[in-house]
Each structure stands twice: as C-alpha cells, then as structure tokens.
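# Examination of the molecular architecture
As a plain string of letters, each chain reads:
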Amino acid sequence: MPEATPVLPQVIPEGIMLARLEQSEQMREFFIQMWLQNPALAAQGGERVRALLRPLPPA
C-alpha cells in the first residue's frame, strides 16, 4: 500500500482572499434581499433563515 504524502499548508495570497471575502459578502446580501422579497421562500429555510432576517437587538 503506498504511503500517503502529507498535505503541506498553503498560503493564500491576500488579493485572492479579499476577493473571495467580497464575493461571499455579495452572495450574503443577494440571499438576504431574495428572502426579504419572498417570505414564502424564506419560510422554507427554517429557523436559521428567520434568525438571519431578524433585526439586531439595540446595542
């Protein structure tokens, strides 16, 4: 049986990381707007989606 080669950690360049974070934020905003505009769809998402759509308590 061949030995497994260890996976070495890799460094993600900052530009790629920032681009992925921005894309993630855009997707989050898209889904929030979609759920706000379509409550029936949001209801299918269950409690987790309802919790995301609730206003934050005052600080």
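Notes on the structure follow. All values derive from a computational prediction rather than experimental measurement. (Residues numbered from 1 in each chain as written. Predicted model: local features only at pLDDT ≥ 70, side-chain atom pairs only at ≥ 80, totals over all residues. Heavy atoms only, no water.)

Turning our attention to the overall build of the chain. Looking only at helices and strands, the chain has 3 helices and 0 strands in total. By principal-axis analysis of the C-alpha atoms, the chain measures approximately 55 × 35 × 25 Å. Sorting the 59 residues of the chain into buried and exposed places 8% on the buried side. Summing over all exposed atoms, the chain offers an accessible surface of approximately 5,700 Å²; the carbon and sulfur share of this is 64%. Mean positive and mean negative side-chain charge positions of the chain (5 and 6 charges, respectively) differ by 11 Å. (Helix = DSSP H or I, 4+ residues; strand = E, 2+ residues; numbered from the N terminus. Buried < 20%, exposed > 50% of the residue type's maximum accessible area, 1.4 Å probe, protein only. Areas by Shrake-Rupley, 256 points an atom, 1.4 Å probe, with all protein chains shown as cover. Lys, Arg positive; Asp, Glu negative; His and termini not counted. Charge placed at Lys NZ, Arg CZ, Asp CG, Glu CD.)

This brings us to the environment of Leu36. Here Leu36 lies in helix H1 (residues 14–37). Using a relative accessible area of 48% as the deciding quantity, one classes Leu36 as partly exposed.

In total, this model carries 4 salt bridges according to the counting rule given. For the salt bridge of Arg50 with Glu47, the shortest nitrogen-to-oxygen distance reads 3.4 Å. Residue Arg50 and its partner Glu47 are both found in helix H3 (residues 46–53); the two are separated by 3 residues, about one turn of the helix. Among the residues examined, Arg50 registers a relative accessible area of 40% and is labelled partly exposed. Taken together, the shared-partner salt bridges connect Glu25, Arg28 and Glu29 into one network. (Salt bridge = Lys/Arg side-chain N within 4 Å of Asp/Glu carboxyl O.)

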